[in-house]
Amino acid sequence: MSILSLARFQFAMTTVYHFFFVPFTIGTAFIVAIMESMYVHTKNESYKKMTKFWGNIFLLSFAVGVVTGIIQEFQFGMNWSDYSRFMGDIFGAPLALEALLSFFIESTFIGLWVFTWDKVKPGLHAFFIWMISFGSLTSALWILTANSFMQHPVGYAIRGGRAVMVDFGALLKNPQLWFEFGHVILNAIMMGGVIFAGLTAFQLLKKREISNEARTIYKKTMRLSLWMSLIFAIFGLVLGDMQMQYLVKEQPMKFAATEDVYTTTGEHAPWTVVGIANTKEHKVQNNIDIPDMLSVLSYHKTTGAVTGMNELNAQYKKKYGKNIDYYPPVNTLFYSFRIMCAISAWIILVSFVGLIMSRKKSGYLYKHKWALWILALTTFLPFIGNTAGWFVTEFGRVPWTVYGLFTIQQSVSPNVSVASLLTSNIVYFVLFTALAITLIGLIVHELKKDPTQAIEPKFKKVLDPFDKEAF
């Protein structure tokens, strides 16, 4: 085990675990805000109880996301100090805005939202949850601003061996940012819908008596969640298609790897449905192709060549140096991309059929356990799909940390050891496992509660802070 491989594994483990909760939080916050807005508009108490019940699930995901995010930021100084020296002037600005602006908004308005039920007007209280949602959206924006620079550097100059920001506006105008941000946000809201629909299905599958009011709340949740997952999954798929067309021009090596294209195709490029990349001989084996389809997917017409990885690698060797190869992990990218797309398509199908089956006139969904089980098990798919999408984004940049400027080998800290990295990997793994078990336990505990009995925290009024009953 090398220092580089252990450092990469640790950052990957932290990032994947953290990214479980980023879209979870963004999506559930947005849908809870819609629920409370429906209560404000209709004055229907069922929507208020629905908001409180599902709001607790959002709060749990937010808490764990904060913990994993803090651990991730420590990694830049621990294992990637040379990267931090090179990128600090650019990376620091969006990270500071995320902490000082977005996280400040989230944490402030979460406190107001949790503790002011029935203490402020409903419209003002709904404003609090929308501000939380706004904070989570802008938090993603600042983080992805830094990540997009790593994918497509803009607005910088190299001075003293470091990247120095010369135009902050260029970072915000980076087209890579808006493709990434839009794709992440749309899929996050889709994920929130899938989670709430799936957890509702689990609730309805339980062998216990459910009051009519609770059943009404679950049905309202199901319909709203399925609409959210359907609409935003479709938008996410459309934007993802636009992003891949952008990658054909801006990151052709990443695009070629996701499609197993080693040799430049002709004008009628075939699409490989399945195949195994031979990374030593740089060719594809046991592949099944559909004629012309890659041209259609890449350019939306039946003609259009796709540049192969072998030709691109030769170009990069001339441009950046012959000491390394520029092939990314092809099999990982190829199958991650297909897993992501397959899960998106499945969610669209399940959401569409679920909406038809849950109509008031039919109610078929609630009468058949097999249908509820499909929805319940679909709960876990967005976590896999988001991870696969993140693999495409990050592994597609290999061997660079900052595309065309700074390699992964250059980025690792010079003073870390195999022993320290191995120890910290074990510690983080145990910590993340404990957090996951705790979170699952807390969510299960919340789901055991009756949504009709949802109440806000109550505190005994104590005038003297040193009174023993204050504690």
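Within every chain, residues take consecutive numbers counted from 1 along the sequence as written. A pLDDT threshold of at least 70 governs which residues receive local features in this predicted model, and a stricter bar of 80 or more applies before side-chain atom pairs are shown or counted, although totals over entire chains, interfaces and linings include all residues. In computing side-chain properties, one takes all heavy atoms of the structure into account and sets aside hydrogens as well as water.

Chemist: Before we go on, may I ask you to explain the pairing of strand β1 (residues 156-159) in this structure?
Modeler: Consecutive side chains of a regular strand alternate in pointing toward one face of the sheet and then the other. Any two strands with at least two DSSP bridges between them are considered paired. The helix count covers DSSP runs of H or I at least four residues long, the strand count covers runs of E at least two residues long, and both are numbered beginning at the N terminus. With four bridges connecting them, β1 and strand β2 (residues 162-165) associate as antiparallel partners. Note on β2: the bridge partner recorded for Ala157 is Val164.

Chemist: Help me understand helix α2 (residues 45-78) in this model?
Modeler: It helps to recall that an α-helix has 3.6 residues per turn; residues three or four apart then point in one direction. What a helix is expected to span follows from its residue count: subtract one and scale by 1.5 Å. Under the 1.5 Å per step criterion, the end-to-end length of α2 is 50 Å for 34 residues, consistent within 8% with the ideal 50 Å. Two axes are fitted around each residue, one to the seven residues ending there and one to the seven starting there, and the angle between them is reported as the bend at that residue. Along its length, α2 shows its largest kink, about 25°, at Gly55.

Chemist: Got a minute to help me understand unusual backbone geometry in this structure?
Modeler: Note on backbone geometry: most residues besides glycine have negative phi, and most peptide bonds are trans. Here Val398 and Pro399 are connected by a cis peptide whose omega angle stands at 10°. Position of Pro399 among the secondary structure elements: in the loop between α14 (381-395) and β5 (400-402). Positive phi, normally seen in glycine, also occurs at Asp260, with a value near 60°. Along the chain, the position of Asp260 falls in the loop between α8 (252-258) and β3 (271-278).

Chemist: What am I meant to see in the packing of α2 against helix α3 (residues 81-115) here?
Modeler: Geometrically, a packed helix pair is captured by the angle between its two axes and the distance between the axes. Throughout, an axis means a line fitted to C-alpha atoms (over the contacting stretch in the case of helices), and angles, computed between N-to-C directions, take values from 0 to 180 degrees. Look at α2 against α3: their axes get within 12 Å of each other, and the N-to-C directions meet at 160°. As summarised for this structure, α2 and α3 are arranged roughly antiparallel, according to the angle between their axes. In the crossing of α2 with α3, the sense of the turn from one axis to the other is left-handed. The residues of α3 that touch α2, namely those facing Thr51, Gly55, Phe58, Leu59, Phe62, Val66, Glu73, Phe76 and Gly77, are Ser81, Tyr83, Ser84, Phe91, Leu95, Glu98, Phe103, Glu106, Ile110, Trp113 and Val114. Just so you know the grouping, Ala, Val, Leu, Ile, Met, Phe, Trp, Tyr, Cys and Pro go in nonpolar, Asp, Glu, Lys and Arg go in charged, and all remaining residues, Gly too, go in polar. Among the residues making up the contact of α2 with α3, the classes are represented as 12 nonpolar, five polar and three charged. In what follows, roughly perpendicular refers to angles from 65 to 115 degrees, roughly parallel to angles under 35, roughly antiparallel to angles over 145, and oblique to any angle outside these ranges. Crossings are assigned a handedness: left-handed for a near helix turned anticlockwise from the far helix by less than a right angle, right-handed for a clockwise turn. In this description, contact between two residues means that some pair of their heavy atoms is separated by no more than 4.5 Å.

Chemist: I keep staring at the packing of helix α7 (residues 212-250) against helix α11 (residues 330-357) and nothing clicks. Help me out?
Modeler: Contact geometry for α7 and α11: axes closest at 9 Å, N-to-C directions at 145°. As α7 runs across α11, the sense of the crossing is left-handed. Residues Arg223, Leu226, Trp227, Ser229, Leu230, Ala233, Ile234, Leu237 and Met244 of α7 lie in contact with α11, whose contacting residues are Phe337, Ser344, Ile347, Ile348, Ser351, Phe352, Gly354 and Leu355.

Chemist: Could you clarify how one ought to interpret the environment of Val412 in this entry?
Modeler: Here Val412 shows up in the loop between α15 (408-411) and α16 (418-447). With 29 residues separating them in the primary sequence, Val412 and Phe383 have C-alpha atoms 28 Å apart.

Chemist: When you look at the packing of aromatic side chains in this model, what are you seeing that I'm missing?
Modeler: How two aromatic rings sit relative to each other is given by the distance of their centres and the angle of their planes. When two rings of Phe, Tyr or Trp (its six-membered ring) have centres within 6.5 Å they constitute a pair, described as stacked for plane angles under 30 degrees, edge-to-face for angles over 60, and tilted for the intermediate range. Counted according to the given criterion, the structure contains 40 aromatic pairs. Geometrically, the ring pair formed by Trp400 and Tyr403 is tilted, given 6.4 Å between the ring centres and 45° between the ring planes. In this scheme, a residue with accessible area under 20% of its type's maximum is buried, one over 50% is exposed, and one in between is partly exposed, where area comes from a 1.4 Å probe on protein chains only. Relative accessible area serves as the criterion here: at 6%, Trp400 is assigned to the buried category. Both a distance and an angle decide whether a charge sits over a ring: NZ of Lys or CZ of Arg must be within 6 Å of the ring centre and within 35 degrees of the ring normal. Its guanidinium or amino end placed over the ring of Trp117, Lys52 lies 4.9 Å from that ring's centre, counting from NZ or CZ. Its guanidinium or amino end placed over the ring of Phe334, Arg338 lies 3.6 Å from that ring's centre, counting from NZ or CZ.

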